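If you want the building blocks of each chain, they are given just below.
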Amino acid sequence: MRYPILLLLLLFSLQSYSQLLHPKNSFTRADSLRGKLTPLRTCYDVQFYHLNIKVNPEQKSVSGSNLFRFKAVTDFKDLQFDLFENLTIDKVVYKGKTLPFRREYNAVFISFPQTIKKGNQDSFEVYYSGNPVEAQRAPWDGGFDWKKDKNGNPWIATACEGLGASAWWPNKDHLSDEADSMLISVAVPSSLMNVSNGRLKGVEKGTDGYTTYHWSVSNPINNYNVALNIGDYVHLQDAYQGENGKLDIDYYILRGNETIAEKHFGENVKPMLEALEHWFGPYPFYEDGYKLVETSHLGMEHQSAIAYGNKYKNGYLGTESSGTGWGMKWDFIIIHESGHEWFGNNITAKDVADLWIHESYTNYSEALYIDYHYGKQASQEYVNGNRRGILNDTPMQGPYDVNKEGSGDMYLKGGVLHNMIRSMINNDEKWRAILRGLNKKFYHKTVDYQDITSYVSRESGIDLSKVFEQYVQHTSIPTLEVVWNNKGMPAARWISEVKDFKMPVAIGKKGEAKKQYTFDQQFKPIPVAELTKQNIDIDTFNYYIKVKM
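Bear in mind that the values here come from a model prediction, so they are computed numbers and not experimental data.

What counts and how
- Residues numbered from 1 in each chain as written.
- Predicted model: local features only at pLDDT ≥ 70, side-chain atom pairs only at ≥ 80, totals over all residues.
- Heavy atoms only, no water.
- Pairing = 2+ DSSP bridges.
- Helix = DSSP H or I, 4+ residues; strand = E, 2+ residues; numbered from the N terminus.
- Salt bridge = Lys/Arg side-chain N within 4 Å of Asp/Glu carboxyl O.
- Contact = heavy atoms within 4.5 Å.
- Domains from an automatic or database assignment.
- Axes fitted to C-alpha atoms, helices over the stretch in contact; angles between N-to-C directions.
- Expected span 1.5 Å × (residues − 1).
- Buried < 20%, exposed > 50% of the residue type's maximum accessible area, 1.4 Å probe, protein only.
- Phe/Tyr/Trp six-rings, centres within 6.5 Å; stacked < 30°, edge-to-face > 60°.
- UniProt positions renumbered as here; feature names shortened; annotations may be inferred.
- Parallel < 35°, antiparallel > 145°, perpendicular 65-115°, else oblique.
- Core = buried A, V, L, I, M, F, W, Y, C linked by side-chain atoms within 4.5 Å.
- Left-handed = near helix turned anticlockwise from the far one by under 90°.
- Nonpolar A, V, L, I, M, F, W, Y, C, P; charged D, E, K, R; others polar.

1. So, the pairing of strand β16 (residues 233-242)
So, step 1. Judged from the 10 bridges that link them, β16 and strand β17 (residues 245-254) form a sheet pairing that is antiparallel. Opposite V234, over in β17, you have I253 as the bridge partner.
So, step 2. The turn joining β16 and β17, which pair antiparallel and follow one another in sequence, is formed by two residues.

2. Overview of the pattern of salt bridges
So, step 1. Counting across every chain of the model gives 27 salt bridges.
So, step 2. In this structure, the salt-bridge partner of D173 is R34, at a minimum N-O distance of 3.7 Å. Taken together, the residues span a long stretch of sequence, with D173 in the loop between β10 (154-159) and β11 (181-189) and R34 in helix α2 (residues 29-35) at a distance of 139 residues.
So, step 3. Linking D520 and K524 is a salt bridge whose minimum nitrogen-to-oxygen distance equals 3.2 Å.
So, step 4. Through salt bridges that share partners, D371, K376, R422 and D428 make up one connected network.

3. Some words on the environment of E104
So, step 1. Mapped onto the elements of the fold, E104 is located in strand β6 (residues 101-104).
So, step 2. As for E104 and Y411, which are separated by 307 residues in sequence, their C-alpha atoms are 34 Å apart.
So, step 3. Among all residues touching E104, those that are not within four sequence positions of it are R29, L33 and F109.

4. Details of the domain arrangement of the chain
So, step 1. Here the chain is partitioned into domain 1 (31-230), domain 2 (324-471) and domain 3 (477-545).
So, step 2. Taken over C-alpha atoms, the centre of domain 1 sits 54 Å from the centre of domain 3.

5. Here's the deal with the sheet that holds strand β26 (residues 515-519)
So, step 1. One open sheet accounts for three strands, arranged β26-β25-β28; its pairing is antiparallel. Pairing within the sheet leaves two strands with one partner each, and these edge strands are β26 and β28 (536-538). Each strand axis lies, on average, 40 degrees off the axis of its neighbour in the sheet, ignoring direction.
So, step 2. Where strand β25 (residues 503-509) lies against β26, five bridges are found, and the strand directions are antiparallel. Bridging from a neighbouring strand, M503 pairs with F519 of β26.

6. Thoughts on helix α6 (residues 355-374)
So, step 1. Here α6 is 20 residues long and its end C-alpha atoms lie 29 Å apart, about the 28 Å a rise of 1.5 Å per residue gives.
So, step 2. The buried fraction of α6 amounts to 17 of the 20 residues, a majority that puts the element mostly inside the structure.
So, step 3. G375, located one to two residues past α6, shows a positive phi value of around 105 degrees.

7. Structural notes on the sheet that holds strand β24 (residues 490-495)
Hydrogen bonds along the backbone pair up the strands of a sheet, which may run parallel or antiparallel.
So, step 1. Reading across from one edge, β27-β24-β23-β29 is the order of the four strands in this open sheet, with mixed pairing throughout. Edge positions in the sheet fall to β27 (524-525) and β29 (546-548), since each of these pairs with one other strand and no more.
So, step 2. Across two bridges, β24 lies against β27 in antiparallel orientation. In the strand pairing of β27, A492 is matched with K524.

8. Side note on the packing of aromatic side chains
So, step 1. Here the structure, examined in full by the defined rule, presents 37 aromatic pairs.
So, step 2. Note on Y316 and F332: the rings are 5.3 Å apart at their centroids and 75 degrees apart in plane angle, and the pair reads as edge-to-face. Taken together, the residues Y316 in the loop between β20 (306-308) and α5 (332-339) and F332 in helix α5 connect sequence positions 16 residues apart.
So, step 3. Accessibility expressed as a relative area gives 5% for Y316, which makes it buried.

9. A closer look at the environment of G511
So, step 1. By the element assignment, G511 lies in the loop between β25 and β26.
So, step 2. For the pair G511 and D537, spaced 26 residues apart in sequence, the C-alpha to C-alpha distance is 8.5 Å.

10. A look at unusual backbone geometry
So, step 1. Residue P139 is reached from A138 by a cis peptide bond, and omega for that bond is 5 degrees.
So, step 2. With respect to the helices and strands, the residue P139 is situated in the loop between β8 (121-130) and β9 (143-148).
So, step 3. Positive phi outside glycine occurs at K60, with the angle close to 50 degrees.
So, step 4. By the element assignment, K60 lies in the loop between β1 (44-56) and β2 (61-72).
So, step 5. Phi is positive for Y105, close to 55 degrees, though the residue is something other than glycine.
So, step 6. Here Y105 shows up in the loop between β6 and β7 (107-116).
So, step 7. Of the residues examined, Y105 reaches a relative accessible area of 42% and is grouped as partly exposed.

11. Details of the UniProt feature "domain: Peptidase M1 membrane alanine aminopeptidase" (unreviewed entry) in the chain
So, step 1. Mapped onto this numbering, the UniProt entry annotates "domain: Peptidase M1 membrane alanine aminopeptidase" (unreviewed entry) at residues 296-471.
So, step 2. Overall, residues 296-471 shows 49% helix and 6% strand. The separation of its end C-alpha atoms is 35 Å.

12. Some thoughts on the side chain of T362
So, step 1. Within the element layout of this structure, T362 appears in helix α6.
So, step 2. Not counting residues within four places of it along the chain, the set of residues in contact with T362 comprises H336, G339, H340 and F343.

13. Side note on the UniProt feature "domain: Aminopeptidase N-like N-terminal" (unreviewed entry) in the chain
So, step 1. Those residues carrying the UniProt feature "domain: Aminopeptidase N-like N-terminal" (unreviewed entry) are residues 48-224 in this numbering.
So, step 2. Taken as a whole, residues 48-224 contains 0% helix and 56% strand, while its terminal C-alpha atoms sit 15 Å from one another.

14. What about the packing of helix α4 (residues 258-280) against α6?
Any two packed helices are characterised by the angle at which their axes cross and by the distance between the axes.
So, step 1. Where α4 meets α6, the closest approach of the two axes is 9 Å, and the angle between their N-to-C directions is 110 degrees. Overall, the two elements α4 and α6 adopt an arrangement that is roughly perpendicular. Judged by residue contacts, P271, M272, E274, A275, L276, H278, W279 and F280 of α4 engage Y361, S365, L368, Y369, D371, Y372 and H373 from α6.

15. Brief notes about the nonpolar core
In globular proteins that are soluble, nonpolar side chains generally tend to be buried together.
So, step 1. With 156 residues, the main nonpolar core has F81 and F124 as its most contacted residues.
So, step 2. Discounting chain neighbours no more than four positions away, the residues touching F124 are N66, L67, F68, F70, L79, F81, V92, V93, Y94, I110 and F112.

16. Focus: the packing of helix α10 (residues 449-460) against helix α11 (residues 465-473)
So, step 1. Put simply, α10 and α11 touch, their axes get as near as 10 Å, and they point 140 degrees apart. Classified by the angle between their axes, α10 and α11 sit oblique to one another. Viewed along their axes, α10 and α11 form a crossing whose handedness is right-handed. Judged by residue contacts, Y449, T453, V456 and S457 of α10 engage S465, F468, E469, V472 and Q473 from α11.
So, step 2. Of the residues in the contact of α10 with α11, the class split is four nonpolar, four polar and one charged.

Printed below as a string of structure tokens:
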């Protein structure tokens, strides 16, 4: 099928995102320094950051400091933090004195004058400056996005999920350690405004032509979610009465877009919150509120300050991936990026290898939005239509400890996988309880593959370990092989890359209700009376499989 050009761009964007950062299977010392948890990183747990910087749009530069407040997990004297090597470390200060440091690629190692004892709370501050990486295709490649609005005003944003937060500010750049809270202080030219995560706690106008905006984040936040958005913004306010009470809603819109933004966001945001709270449980960041911030790039799931650049259109820049039309009834960026507030921001993968957790459930949140507002059949049609963008080229899960995510299939194939598991469970109230239970069990926590797969198996009452292994850790999809013996009796087995693979699938006769039967890698009879090659009906609409007969 020939796709419209914008749909091709959508599929390319989703599938190619993970391939931009590293050539295939080429890992370096720099990758290990960024991706591996060594004793120099596990020795301390970050409790709080205060990022305090000045952004100079004319020079495309940043300068300032970041305070690390931490708790010692073990006795240690040396630790690692991260900052891209193109940025200058002016000094590292501990108890009023400068500390020695050394740099290797984007890793920085400091030595304290005495041992920090396990259980102690302490802090140090890193002063730095320079010109951070400039994004060429934000948000796909990452860095600072230096643009101008239609009136010629600077319009600046950060987006660094794949590249890493240490591309523009010093931190412990590993997903496993989230600061419990944070203060973000950003000085910008006084004609502009900075919008970051959390709540605005104060504005200070300086005498140097710069104004500082102080944003307080009261919930745990992963590093790549920390964001700057600088522009000539207008502030609109709203509120939503949700499961945990009143949720403050804020929109920061480029001047001149107030009317279209108020209408478009009004049509999309509250229906999104209603649907996703229904399926996933309460919005995870009531204390920090919910914001959409207009950006020149397409969008990003920055916690409590979602970047929005879909040009006030439904679909994905006016098109959609499934070919069914259901994706044109809502704004893709608002629904998808907001879905990340539950999966990605509330529940965060410990290693980049498991970003499939973020993207698969968030892709599936699109289908659940459709389900809530337009019905289950519409939702199933959308998921099924998304299959045409699946490549099955490399596994959804990447290798651990080298800061490498898996295939872009983590989006569409991941959503299809969850919908298939819903079909296997065949009890939508139980399925909803599992999705809500995930967000309650792992509320504000970091997780790995085993955490998620074990929970879903346990709560569903179905051993799904082999299903997850096949679809997440391998490339192909399983094939159901069906044969008839010389007496015309049918039997089936799975052909799979996974040893001891087993999975249920729904089978029946055409025109009749199907039942679910579980097969493994040995042929077993199909217990359907009078089943023939002509009347067999295998559910390949809800089960993403191949069939061989």
